[in-house]
Each structure stands twice: as C-alpha cells, then as structure tokens.
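Analysis of the macromolecular model
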Amino acid sequence: MTDLEQKLWKFEITLKEVVSRIDGLKSENEALRQKNEELSLDVERQKNIIKDIEENNKKVKIAEAIILPESEKSELKEQIDGYLKEIDRCIALLNS
C-alpha cells in the first residue's frame, strides 16, 4: 500500500467516524426536541392548573368572608339596614 493509499484509507475511516458522529448527534437532537416539546406542554398544563387553583382560592376566600359568626352577621345586617335607610332618605331629599 502506497503512502497516498494509506492517507486515503485514514481519511475514509475518519470520514466514516464523522458521518457516524453526525448521525448520532442528529438522533440526540431529535430526542431533545421531543423532550423540549413535552416539557413545554407540561409547563402549559401546570400554568393552567395554577390558574384554576388561584381562581378556586379566590372563591374560597369570598366564601369565607361571607361565612361570619352569627354575632357579626347581625351587626353587619344592622349596618346594611342603616345604610339603606340613609340611601332612602337621600333619595327622598332628591325627589323633593
């Protein structure tokens, strides 16, 4: 085998290794793209879950605010009645 043939043979082996490495990297890249897509979907689902939980939390807080002890309910009713009487008086004055 001549010197040129040896160099050509080494070049061919190196080229095959590089092509093989490129194929491996392409496969790895595709797997990473798929994983990235899956993770992006997971993030979107988790954002939706968080949004739902936050909305439910707001509803619970509103419900807790409505549920008052009986003593506070009667005080609140008295305040509301007072406000309504005052509003009625103002309306009556406006209509005069």
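Here the structure is a predicted model, which means the values were calculated and not measured.

Examining the overall build of the protein chain
- Secondary structure summary: the protein chain contains two helices and zero strands in total.
- Relative to the 2.2 N^0.38 estimate, which gives 12 Å for 96 residues, the radius of gyration of the protein chain is 38 Å and therefore markedly larger than a compact globule would have.
- For the protein chain, the accessible surface area stands at approximately 9,300 Å², while carbon and sulfur atoms represent 59% of it.
- Charge-centre separation for the protein chain: the mean point of 17 positive side chains lies 3 Å from the mean point of 22 negative side chains.

As for a negative patch on the surface
- A contiguous patch of negative charge on the surface is contributed by Glu 72, Glu 75, Glu 78 and Asp 81.
- If you trace the backbone, Glu 72 turns up in helix H2 (residues 70-95).

Calculation rules
Each chain has its residues counted from 1, running along the sequence as written. Since the coordinates come from a predicted model, pLDDT governs what is reported: local features require at least 70, and pairs of side-chain atoms require 80 or more to be given and counted, while whole-chain, interface and lining totals use all residues. Working from all heavy atoms in the structure, the side-chain values ignore hydrogens and water. Under the DSSP-based scheme used, a helix requires at least four consecutive residues in state H or I and a strand at least two consecutive residues in state E, with every element numbered from the N terminus. Atoms considered for the radius of gyration are the C-alpha atoms alone. The globule rule reads 2.2 Å times the number of residues to the power 0.38. Each accessible area is a Shrake-Rupley estimate made with a 1.4 Å probe; only the visible protein chains count as cover when residues are assessed. Here the positive residues are Lys and Arg and the negative ones are Asp and Glu; neither His nor the chain ends is included. To locate a charge, take NZ of a lysine, CZ of an arginine, CG of an aspartate or CD of a glutamate. Residues qualify for a patch when their relative accessible area is over 30% and they have no salt bridge, like charges being joined within 9 Å and the nonpolar side chains of Val, Leu, Ile, Met, Phe, Trp and Tyr within 5 Å. What makes a salt bridge here is a side-chain nitrogen of Lys or Arg within 4 Å of a carboxyl oxygen of Asp or Glu, nothing more.

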